[in-house]
Amino acid sequence: MSESRMDPSLAKRFRTGRACLNFAHTGETPYWVEPELVYDQASLERWLAHILGVADIQARPRDVGAAHRLRGSILQLARARAEGRSLAEDDVRTINTFAAAAPPVPEMTAAGAIASVSTSATAGLSAIARDAIDLFTGPLGHRIRVCAAEDCELLFVDSSQPGTRRWCSMQRCGNLTKLRTHRSAKAPVRDAV
Ligand SMILES: [Zn+2]
């Protein structure tokens, strides 16, 4: 499903700009009201393929629990970074363990296009874990934020020049916040992103 045709309440979970954070957003958590998306093999296959942009993922029953484990660790590390806390060693170890598996192998056709190949969930989760390592250790590793809007708490990576972005989406959370601020007659919010 393309995100332009997706329900907005669903599409907003896949706009962090990073596969690992989009994957963290598939869960039901105490932080946001969105429901669980990954609850069986089929839903894991569907959402992992969507997030990685691959044609087909093949999951086994035990991959669902594994996906939840990896996802939980990514979420905890992302929130630790957003809140300026140190990273928990258990979560770091979990991500390193998933990343150690072989990632998806790309193939090309004789026409010079990307071939549609089937990828195991283990390889897909490795790609997610490798993206998490790349994010946490890279230049944006300290730019992970939690949306400042009420009732949101979705994650995003602030790649703005000044590093002052506050909302996961200006169109949604930024404007809603400005509207609420305006209604409550407080000082206007001036963030530009
Ligand atoms: Zn938000």
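Residues numbered from 1 in each chain as written. Predicted model: local features only at pLDDT ≥ 70, side-chain atom pairs only at ≥ 80, totals over all residues. Heavy atoms only, no water.

**Considering the pattern of salt bridges**
- Counted by the stated rule, this structure contains twelve salt bridges.
- For the salt bridge of E36 with R71, the shortest nitrogen-to-oxygen distance reads 2.8 Å. Taken as a pair, E36 in the loop between α2 (19–24) and α3 (41–52) and R71 in helix α4 (residues 61–82) lie far apart in primary sequence, 35 residues in all.
- The buried category is assigned to R71, whose relative accessible area is 9%.
- In the salt-bridge network here, residues are joined through shared partners; they are R79, E83, R85 and E153. (Salt bridge = Lys/Arg side-chain N within 4 Å of Asp/Glu carboxyl O. Helix = DSSP H or I, 4+ residues; strand = E, 2+ residues; numbered from the N terminus. Buried < 20%, exposed > 50% of the residue type's maximum accessible area, 1.4 Å probe, protein only.)

**Considering the packing of α4 against helix α6 (residues 121–137)**
- Interhelical geometry of α4 versus α6 gives an angle of 10° and a closest axis separation of 11 Å. Taken together, the axes of α4 and α6 are roughly parallel relative to one another. On the side of α4, the interface is formed by D63, A66, A67, L70, I74, L77, A78 and R81, while α6 contributes A121, T122, L125, I128, A129, A132 and F136.
- Looking at the contact of α4 with α6 residue by residue, the class counts come to twelve nonpolar, one polar and two charged. (Axes fitted to C-alpha atoms, helices over the stretch in contact; angles between N-to-C directions. Parallel < 35°, antiparallel > 145°, perpendicular 65-115°, else oblique. Contact = heavy atoms within 4.5 Å. Nonpolar A, V, L, I, M, F, W, Y, C, P; charged D, E, K, R; others polar.)

**So, the packing of aromatic side chains**
- Evaluation of the coordinates by the stated rule reveals two aromatic pairs.
- Measuring from ring centre to ring centre gives 5.1 Å for F14 and W47, while their planes differ by 10°; the resulting arrangement is stacked. Taken together, the positions of F14 in the loop between α1 (8–11) and α2 and W47 in helix α3 put the pair 33 residues apart, joining distant regions of the chain. Taken as a pair, F14 and W47 share a single burial class, namely buried. (Phe/Tyr/Trp six-rings, centres within 6.5 Å; stacked < 30°, edge-to-face > 60°.)

**Notes on the environment of Q41**
- Mapped onto the fold, Q41 is located in helix α3.
- Remark: the alpha-carbon pair of Q41 and D63, spanning 22 residues in sequence, is separated by 7.4 Å.
- The residues touching Q41, leaving out its near neighbours within four places in the chain, are A59, R60, P61 and V64.

**A few points about the coordination of the zinc ion**
- Protein ligation of the zinc ion involves C147 (SG), C152 (SG), C168 (SG) and C173 (SG), the donor distances falling in the range 2.3 to 2.4 Å.
- Coordination at the zinc ion comes from four donor atoms whose angles at the metal span 106 to 117°, giving a geometry best classed as tetrahedral.
- Mapped onto the sequence, the residues coordinating the zinc ion show the spacing C-x4-C-x15-C-x4-C. One exposure class covers both C147 and C152, and it is buried. (Donors = N, O, S within 2.8 Å, 3.2 Å for Na, K, Ca; no water. Tetrahedral: all angles 85-135°; square planar, octahedral: opposite > 155°, others 65-115°.)

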